[in-house]
Amino acid sequence: MTDIVYIQPLTAASFAPFGDVIEASGHPDRLINAGMCRRFDDCAQLSFADGRAGISVFDAKVRKLPMTLDLMERHPDGSQAFLPMTQNSFLVVVASDEDGVPGRPVAFETQPGQGVNYHRNVWHGVLAPLHEPGLFAVVDRVGAGANLEEHRFAHEITIMK
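Residues numbered from 1 in each chain as written. Predicted model: local features only at pLDDT ≥ 70, side-chain atom pairs only at ≥ 80, totals over all residues. Heavy atoms only, no water.

### Some thoughts on the overall build of the protein chain
Okay, so step 1: For the protein chain, the helix and strand inventory stands at one helix and 16 strands.
Okay, so step 2: Its C-alpha atoms give the protein chain a radius of gyration of 16 Å, near enough to 15 Å, the size a compact globule of 161 residues would have.
Okay, so step 3: Taking the principal axes of its C-alpha atoms as reference, the protein chain extends roughly 60 × 35 × 30 Å.
Okay, so step 4: Counting over 161 residues, the protein chain shows a buried share of 42%.
Okay, so step 5: For the protein chain, the exposed surface amounts to about 8700 Å²; the carbon and sulfur share of it is 52%. (Helix = DSSP H or I, 4+ residues; strand = E, 2+ residues; numbered from the N terminus. Rg over C-alpha atoms; globule rule 2.2 N^0.38 Å. Buried < 20%, exposed > 50% of the residue type's maximum accessible area, 1.4 Å probe, protein only. Areas by Shrake-Rupley, 256 points an atom, 1.4 Å probe, with all protein chains shown as cover.)

### Focus on the side chain of Q80
Okay, so step 1: Summarising the element assignment, Q80 is placed in strand 7 (residues 80–84).
Okay, so step 2: Owing to a relative accessible area of 5%, Q80 belongs among the buried residues under this scheme.
Okay, so step 3: A distance of 2.9 Å separates a polar atom in the side chain of Q80 from a polar atom in the side chain of H75. (Polar contact = N/O pair within 3.5 Å; in protein donor to acceptor, adjacent residues only side chain to side chain.)

### Section: the pattern of salt bridges
Okay, so step 1: Overall, the coordinates contain seven salt bridges when judged by the stated rule.
Okay, so step 2: A salt bridge links D41 to R39, with the shortest nitrogen-to-oxygen separation between them at 2.4 Å.
Okay, so step 3: Judged by relative accessible area, R39 falls into the partly exposed class, the value being 35%.
Okay, so step 4: A salt bridge links R74 to E149, with the nearest nitrogen and oxygen atoms 2.9 Å apart. With R74 in strand 6 (residues 67–74) and E149 in strand 16 (residues 149–160), the pair connects residues that are 75 residues apart, well separated along the chain.
Okay, so step 5: With relative accessibility at 8%, the residue R74 sits in the buried group. (Salt bridge = Lys/Arg side-chain N within 4 Å of Asp/Glu carboxyl O.)

### Notes on the pairing of strand 7
Okay, so step 1: In terms of residue burial, strand 7 counts as a mostly covered element, since four of its five residues are buried.
Okay, so step 2: Relative to strand 15 (residues 134–142), strand 7 is paired through five bridges, and the arrangement is antiparallel. Across the sheet, residue Q80 finds its bridge partner in strand 15, namely D140. (Pairing = 2+ DSSP bridges.)

### Describing the nonpolar core
Among soluble globular proteins, nonpolar side chains are generally buried collectively.
Okay, so step 1: Core analysis: the biggest nonpolar cluster contains 16 residues, and F15, F82, V92, V94, V116 and Y118 have the highest contact counts within it.
Okay, so step 2: Breaking this core down by element, the ones donating at least two residues are strand 8 (90–95), strand 12 (115–118) and strand 15.
Okay, so step 3: Those residues in contact with V92 that lie beyond four places of it in its chain are F15, V106, A107, F108, T110, V116 and Y118.
Okay, so step 4: Residues I7, L69, A95 and A128 belong to the second largest nonpolar core, which totals 15 residues. (Core = buried A, V, L, I, M, F, W, Y, C linked by side-chain atoms within 4.5 Å. Contact = heavy atoms within 4.5 Å.)

Treat this as a map of the structure, not an account of what it does.
Next comes the structure, spelled out in structure tokens:
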């Protein structure tokens with residue numbers, strides 16, 4: 001049996017149970033650089049049990065739709081923010097926790113210019129850019145100890161538009 005999950009647009013309201021949408025929308029908090037730059041403050045709730053925030057660069061391979069979802073992961077000791085370094089969309093898959101494993105996945109497609117921050121302990125799919133290059137700045141926990149749990153699904157899940 002194949003479970004089908006349909007992709008929906010990413011909005012702050014629909015993504016709120018899982019994390020934050022990072023984007024320059026609405027009114028800026030202030031203008032800086034002699035009025036030449038709109039600043040949007042505090043776009044994500046970063047949270048780390050220990051360690052510190054670090055910025056890494058990920059270069060991910062493009063995923064094609066429909067896509068088989070076989071693996072989800074979560075990070076119990078820190079949030080994880082993905083900021084695309086291009087104006088391309090990417091696929092975001094998340095799930096609520098159900099007794100230590102992911103529940104039914106929910107899939108979103110970002111708009112160009114949107115990033116996401118997964119809250120601590122939120123099940124999410126692997127990084128899935130839909131266009132070349134798959135270059136992202138990632139803000140997450142840097143510290144000792146494992147901060148990764150993985151879950152492989154026993155049945156086939158297909159993500160499609």
